Structures are given as C-alpha cells and as structure tokens.
Amino acid sequence: MFKSNPNRNALLALLLLVPVPSFGIVTQMYILPGFQGHLVALLSKIWLLVLPIIWLLFVDKENLKFEYPKRRDLLAGVGLGLLMLCIILIVYWLLGAKWIDIEYVRDRAKQIGLNSFLIYLVGSVYWIFVNSLLEEFVWRWFVYRKCEMLVSSPLAIVLSALFFTIHHIVGLAAYFDWRATTLCSLGVFLAGAVWSWCYLNYCSIWPGYISHIFADIAIFLIGWQLIFT
C-alpha cells in the first residue's frame, strides 16, 4: 500500500511531523508552563525522533545506517560554523541588543526555570550537542528528503527551511517583540536553508551538525548574557 504512492507517503510523513514541535512549544510556553507543559514538550521531542525511524523501517523499508564524518564534512562544518557564530554575534551586537527587552526575557526564563545557572548550563549542553544532532537528523535527513520527493531540490531547500523555522517563530515570540522575532526567524530560516544545501551537496548531516553546534554556542552565549549579566 505504501509503496504504490511515494509522493502521498512523503506528504503524510510531513503532515505527521512538521506541526508537532510547534504544538509542544505552544503547550509548554503559553498553555501549561509547569511540569505538564515540559512533559508535552518532551513527548514532542520523542515523536520527532521516533517517527523518522519508524517511517524508515516500516514504510520506506530501509535500514538505518550510521556513517562516520569524512574529512571534508569536518572542514566544511567547522568553517561554516565559525562563520555563523561570528555573524550571529555581530548581528546581536548591532541590532538585537537594542531591540530585546532584557527584563521581559528574564521574567519568561524564570517562568520556565531557566533562571537557574545550573539548569541553564545543563540545558545549553543538551541543546548544543544533542538537540542540534536531533534537528539535523529530523529536518535535513528526513524532512528535506521528503520535500525533495514532492518538489525540485532548490524548492525543497526553501520548503524544509520554512518548516524548520515555524516552531522557532512560536518559541521566539514568547521572549521577544516582533522586530527581534522577525530578525531571529530570518536567521533561523537562512541557517536551515544552508544546512539543507549542505545535505544536498554532501549527502551527510555532519557538515550541518558541526556548524549547528557553533551557531548554538553563539545563541546560548547571548542567552547567558541576557539572563545572568
């Protein structure tokens, strides 16, 4: 049944996955900011990981393979990551620092427990090294490939980057006004497009993952300055 219409299957996979992180963030930040909200957000993360694996094994009927990064993957990832880190910090210093309401950010961080330095540190390590890998696996390896089954490769880059940006907009709007939210969302979209382009050209998530680490380091350095200094 699934083999007969791959395009329909790709569309169904996107429908089952793309809205989930937005639902988790809305629940956690706007509806249930306590334990229940955190639980829903955690379950949404688990769904993002489990669905692509289940789809690969039982719908696409392929084997899950692990490939070590090649030298070119490492070089591309580090070079691109350093560039992203510098751009993020420069844009923040030029524009973001003027537009962000620090007291409001601190108040929102307190509501969800991020005002504890230890929790922030542990969360930063998770988001920088684990969540970035999960996002590359989900949004590049899975979502981009499904988009490419429906549209051309250039359009798939744009479409997957747009899907990647949606839940970030929801989360950013909880902390920033429309100017900072728009600026950050544009950055997320461009980064998502670059990482999808990396997957298209390198056939690997490693360049995207390594550069993603550097980008998240810059973001959490900014977050630390906003909340704790």
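Residues numbered from 1 in each chain as written. Predicted model: local features only at pLDDT ≥ 70, side-chain atom pairs only at ≥ 80, totals over all residues. Heavy atoms only, no water.

**Student:** What is the right way to read the overall build of the chain from this model?
**Tutor:** The secondary structure content of the chain amounts to nine helices and zero strands. N-terminal to C-terminal, the α/β element order of the chain is α-α-α-α-α-α-α-α-α. Over its C-alpha trace the chain gives a radius of gyration of 18 Å, about what one expects of a compact globule, namely 17 Å for 229 residues. Relative to its full complement of 229 residues, the chain shows a buried share of 44%. Long-range pairs, those at least 24 residues apart, make up 80% of the contacts in the chain between residues at least 6 apart in sequence. Taken as a whole, the chain presents about 12,400 Å² of accessible surface, with 75% of it coming from carbon and sulfur. Between the averaged position of the 16 positive side-chain charges in the chain and that of its 12 negative side-chain charges there is a distance of 5 Å. (Helix = DSSP H or I, 4+ residues; strand = E, 2+ residues; numbered from the N terminus. Rg over C-alpha atoms; globule rule 2.2 N^0.38 Å. Buried < 20%, exposed > 50% of the residue type's maximum accessible area, 1.4 Å probe, protein only. Contact = heavy atoms within 4.5 Å. Areas by Shrake-Rupley, 256 points an atom, 1.4 Å probe, with all protein chains shown as cover. Lys, Arg positive; Asp, Glu negative; His and termini not counted. Charge placed at Lys NZ, Arg CZ, Asp CG, Glu CD.)

**Student:** What's the story with the packing of helix α2 (residues 19-31) against helix α7 (residues 153-172) in this structure? I'm lost.
**Tutor:** Between two packed helices, both the angle of their axes relative to each other and the distance between the axes serve to describe the pair. Axis separation between α2 and α7 bottoms out at 9 Å; the angle between their running directions is 5 degrees. Relative to α7, the element α2 lies roughly parallel. Across from Pro 21, Ser 22, Ile 25, Val 26, Met 29 and Tyr 30 in α2, the residues of α7 making contact are Ile 166, His 167, Val 170 and Gly 171. (Axes fitted to C-alpha atoms, helices over the stretch in contact; angles between N-to-C directions. Parallel < 35°, antiparallel > 145°, perpendicular 65-115°, else oblique.)

**Student:** For this particular structure, what's the right way to read the packing of aromatic side chains?
**Tutor:** Given two aromatic rings, their pairing is described by the distance between the two centres and the angle made by the two planes. Using the criterion set out here, one finds 13 aromatic pairs in the structure. When the centroid spacing of 6.1 Å and the interplanar angle of 85 degrees are considered together, the rings of Phe 66 and Trp 206 count as edge-to-face. Of this pair, Phe 66 sits in the loop between α3 (35-59) and α4 (71-99) while Trp 206 sits in helix α9 (residues 206-228); the two residues are 140 residues apart in sequence, bridging distant segments of the chain. Overall, Phe 66 belongs to the exposed group, its relative accessible area being 57%. Judged by its relative accessible area of 16%, Trp 206 falls in the buried class. Each residue in the set Phe 66, Tyr 68, Trp 206 and Tyr 209 is aromatic and connected to the rest through ring pairs, giving one cluster. One cation-aromatic arrangement involves Arg 140 over Phe 164; the distance from NZ or CZ to the ring centre is 4.4 Å. (Phe/Tyr/Trp six-rings, centres within 6.5 Å; stacked < 30°, edge-to-face > 60°. Lys NZ or Arg CZ within 6 Å of the ring centre and 35° of its normal.)

**Student:** Could you clarify how one ought to interpret the confidence of the model for the chain in this entry?
**Tutor:** Interpreting fine coordinate detail is not advised for predicted regions of low pLDDT. When the pLDDT values of the chain are averaged, the result is 93; 98% of them are 70 or greater. Within the chain, no element has a lower average pLDDT than helix α5 (residues 102-111), which sits at 85, and none a higher one than α7, at 97. (pLDDT = per-residue confidence, 0-100.)

**Student:** Help me understand unusual backbone geometry, please; the structure alone is not making it clear to me.
**Tutor:** Positive phi is not limited to glycine here, since Lys 61 has a value of about 55 degrees. Mapped onto the secondary structure, Lys 61 falls in the loop between α3 and α4. Notably, Cys 203 is not glycine yet its phi reads approximately 55 degrees, a positive angle. On the secondary structure map, Cys 203 appears in the loop between α8 (178-202) and α9. The class of Cys 203 is exposed, set by a relative accessible area of 57%.

**Student:** Even after reading the chapter, I still don't get the pattern of salt bridges, so can you show me in this structure?
**Tutor:** For side chains bearing opposite charge, pairing can occur when the charged atoms are close. Counted according to the given criterion, the structure contains five salt bridges. Among the salt bridges present, the one from Arg 140 reaches Glu 136, with a minimum N-O distance of 2.7 Å. Placement of both Arg 140 and Glu 136 in helix α6 (residues 117-150) is noted, with a separation of four residues, approximately one turn of the helix. By relative accessible area, which is 1% here, Arg 140 ends up buried. (Salt bridge = Lys/Arg side-chain N within 4 Å of Asp/Glu carboxyl O.)

**Student:** Hey, could you run me through the nonpolar core in this one?
**Tutor:** Side chains of nonpolar character tend, in soluble globular proteins, to be buried together. Grouped together as the largest cluster of nonpolar side chains are 31 residues, with contacts concentrated most on Leu 17, Val 138, Trp 139, Trp 141, Phe 142, Val 143 and Phe 163. If one sorts the elements of this core by residue count, α6 sits on top with nine residues. Setting aside its immediate chain neighbours within four residues, Trp 139 contacts Leu 17, Val 18, Pro 21, Tyr 144, Ser 160, Phe 163, Phe 164 and His 167. Of all hydrophobic cores here, the second largest spans 26 residues; its members include Ile 25, Ala 109, Leu 172 and Ile 210. (Core = buried A, V, L, I, M, F, W, Y, C linked by side-chain atoms within 4.5 Å.)

**Student:** So what exactly am I meant to see when it comes to a nonpolar patch on the surface here?
**Tutor:** Residues Phe 35, Leu 39, Leu 42, Leu 43, Ile 46, Leu 49, Val 50, Ile 54, Leu 57, Phe 58 and Leu 64 make up a contiguous nonpolar surface patch of about 1,000 Å² in total accessible area. By relative accessible area, which is 40% here, Ile 54 ends up partly exposed. (Patch = residues over 30% accessible without salt bridge, like charges linked within 9 Å, V, L, I, M, F, W, Y side chains within 5 Å.)

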